[in-house]
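# Fold and geometry: a report
Below, each chain spelled out in residue letters.
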Amino acid sequence: MGFDNAYEAITEGTDDARWAFGTGFEDPLAGIDTTLPDGVDAAELATYCLGLGDDALIMSHRLQQWCTNLPELEEEVAIANIALDLLGQARLLLSRAAATSPGPGEDHLAFFRAEHEFRNVRLTEVENGDFGELIARLLVFSTWRLALFARLTEAADPVLVAIAAKGVKELTYHRDYAAQWAVRLGGGTAYSRERLAAGLDAVWPYVGELFVSGDAGGVAVDPATVREEFDGVLTQVLKAATIPVPEVPARPGVGGRYGRDGVHTEAMGYVLAELQSVARAHPDGVW
Amino acid sequence: MTAMATTTPAPTVDRISPAADAARRVAQTVTDPELPMLSLADLGVLRDVWVDDGRVVVVITPTYTGCPAMDTMRDDLVYTLRAAGYHDVEVRTTLHPPWSTDWISAEGKRKLAEYGIAPPGPAPSAVTGPVPLVLTPTVRRVDCPVCGSADTVELSRFSATACKALRRCRTCQEPFEHVKEI
Ligand SMILES: [Zn+2]
């Protein structure tokens, strides 16, 4: 008793109080029962959660790069909020992956893995474009992710179910935000139409790989099953925006391998350099 | 009440004795770091308190998954309970069922309005299957917390914290925040 501040109160008796990265950054799954249910393969669940977690982490990073560069204060706040929601989803999913298999924890997964160990889809990592490209990418990403998360609420792992149920509420806001901007840009000036169409053309090569079943499809929702809902929503939005559905060929993977297999574009190394450099320069950093 | 995602309590768990009540009352005094006029209990974030063999266990749930205030809430709970003489405190998190603005108490909603933040209306009912797309700004009645006018518009669905939207009153012209329904 008699602590001067909350920091002192919680660090009393422990000698590894670290903040930001390191053990003091609290486990977001602290106190949650992470026991695996019967019949769920630990390695498959870890792979599945890692993919969804990496998508959120890298997409969040790309959105964070927009901060101070957006056209209006309202958009600054919106994109920062969306980035924060995705970062929260990333922490939970990486923690779930970490709790599932013996190996490094959440922070280590984010800061100390090499490029080929990241499992995010390539859509999340490619270079940021202009505002039209941002809206196109966010529309595609959140439509796909929301469709997936809405089905994950029936997955076998109760922790993944709980993460998805929270995520659905957040992603609904993200998708509506992007869809409403798409309609506004499409129905705006000739220039705003052109920018949205160019943005859609830029992200479209990365759409196909979102629906590749992958190694861990059996443990939870197979992404191939959400293609129809994705196409339906995109058709509805683009019709309202009076923009044709892009006809751009998919960017091939390498020997049929894509982001989920650890095969990334040249943009990924730069994202990781920015994301990881401080943690790697000060692996025992304390602040 | 939130047993699903939390560890199943041992048979020694005590929620009803005067000692458990006293610990709960202390936990209920802890306020939200970002909405300091509300207690965590008012906000519906404080889900459960029990005593187990001398240890006080507190269960909280995040409003949004990225809520950066969770660590602070945990620290504040431990600090406040320790200051009240409870040395063995454990704060657990539950994610399920997900937090809803319907859990904000009537008292909490009143305090929000008093503070100049429009309280949430009823949350949308949960859907099963595909989530319907909304292509037009949501029109809902939100009264201005400054002058009481119902003539207000949404400026942005996102605001200074994840749980709020930004609106403007067309009668008194003041901008204000609104805790958005989830
Ligand atoms: Zn007013």
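So, here's what we can say about the structure. Just so it is clear, the model here is predicted, and its values are computed rather than measured.

### With respect to the nonpolar core
One recurring pattern in soluble globular proteins is that nonpolar side chains are buried together. Core analysis: the biggest nonpolar cluster contains 127 residues, and Leu152(A) and Tyr177(A) have the highest contact counts within it. Residues from two domains meet in this core; each of domain 1 (13–93) and domain 2 (116–120 + 139–182) of chain B gives at least three. Among all residues touching Leu152(A), those that are not within four sequence positions of it are Tyr48(A), Leu52(A), Leu160(A), Val161(A), Ala164(A), Ala220(A) and Val221(A). Grouped together as the second largest cluster of nonpolar side chains are five residues, Ala118(B), Cys144(B), Cys169(B) and Phe176(B) included.

### A look at the pattern of salt bridges
Tallied over the entire structure, the rule returns 26 salt bridges over all chains. Measuring nitrogen to oxygen at the nearest pair gives 3.0 Å for the salt bridge that ties Glu133(A) to Arg137(A). With Glu133(A) and Arg137(A) both in helix 5 (residues 131–152) and four residues apart, this pair spans about one turn of that helix. On the basis of relative accessible area, Arg137(A) is assigned to the buried category, the value being 2%. For the salt bridge of Arg151(A) with Glu229(A), the shortest nitrogen-to-oxygen distance reads 2.7 Å. Here Glu229(A) lies in helix 8 (residues 227–240) and Arg151(A) lies in helix 5, a separation of 78 residues in the sequence. The class for Arg151(A) is partly exposed, based on a relative accessible area of 29%. When salt bridges that share partners are traced, they join Arg55(B), Asp88(B), Glu90(B) and Arg92(B) into one network.

### Some points on the coordination of the zinc ion
Residue and element names in this part refer to chain B. At this site the zinc ion is bound by Cys144 (SG), Cys147 (SG), Cys169 (SG) and Cys172 (SG), with donor distances of 2.3 Å. Each of the four donor atoms bound to the zinc ion contributes to angles spanning 104 to 115°, and the resulting shape is tetrahedral. Taken in chain order, the donor set of the zinc ion reads C-x2-C-x21-C-x2-C. Exposure remark for cysteine 169: the relative accessible area of 0% places this residue in the buried category. Looking at cysteine 172, the relative accessible area reads 25%, which means it is partly exposed.

### Digging into the sheet that holds strand 7 (residues 175–179) of chain B
Residues and elements named next belong to chain B. Here four strands make up an open sheet; going across it, the order is 4-7-6-5 and the pairing mixed. Looking at the sheet topology across the chains shown, the edges are occupied by strand 4 (117–118) and strand 5 (152–156). Of the pairings in the sheet, the one linking strand 6 (residues 164–169) to strand 7 comprises five bridges and is antiparallel in character. Paired with alanine 165 across the two strands is histidine 178, which belongs to strand 7.

### So, the interface of chain A and chain B
Each partner contributes to the interface: chain A provides 51 residues, whereas chain B provides 48 residues. The tally of links between chain A and chain B comes to one salt bridge. Here Arg157(B) and Asp176(A) are joined by a salt bridge, their closest N and O atoms 3.7 Å apart. On inspection of chain A and its partner chain B, the count reaches 12 residue pairs in polar contact (both at pLDDT 80 or more). For the side of chain A that touches chain B, the secondary-structure elements that each account for two or more residues are helix 1 (6–11), helix 3 (73–100), helix 5, helix 6 (158–186) and helix 8 of chain A. Here the element with the most residues in the side of chain A that touches chain B is helix 6 of chain A; it accounts for 16 residues. Of the residues in the side of chain A that touches chain B, the class split is 30 nonpolar, eight polar and 13 charged.

The rules behind each value
- Residues numbered from 1 in each chain as written.
- Chains lettered and ligands numbered in written order.
- Predicted model: local features only at pLDDT ≥ 70, side-chain atom pairs only at ≥ 80, totals over all residues.
- Heavy atoms only, no water.
- Core = buried A, V, L, I, M, F, W, Y, C linked by side-chain atoms within 4.5 Å.
- Buried < 20%, exposed > 50% of the residue type's maximum accessible area, 1.4 Å probe, protein only.
- Domains from an automatic or database assignment.
- Contact = heavy atoms within 4.5 Å.
- Salt bridge = Lys/Arg side-chain N within 4 Å of Asp/Glu carboxyl O.
- Helix = DSSP H or I, 4+ residues; strand = E, 2+ residues; numbered from the N terminus.
- Donors = N, O, S within 2.8 Å, 3.2 Å for Na, K, Ca; no water.
- Tetrahedral: all angles 85-135°; square planar, octahedral: opposite > 155°, others 65-115°.
- Pairing = 2+ DSSP bridges.
- Polar contact = N/O pair within 3.5 Å; in protein donor to acceptor, adjacent residues only side chain to side chain.
- Nonpolar A, V, L, I, M, F, W, Y, C, P; charged D, E, K, R; others polar.

The analysis is restricted to geometry; functional conclusions fall outside its scope.
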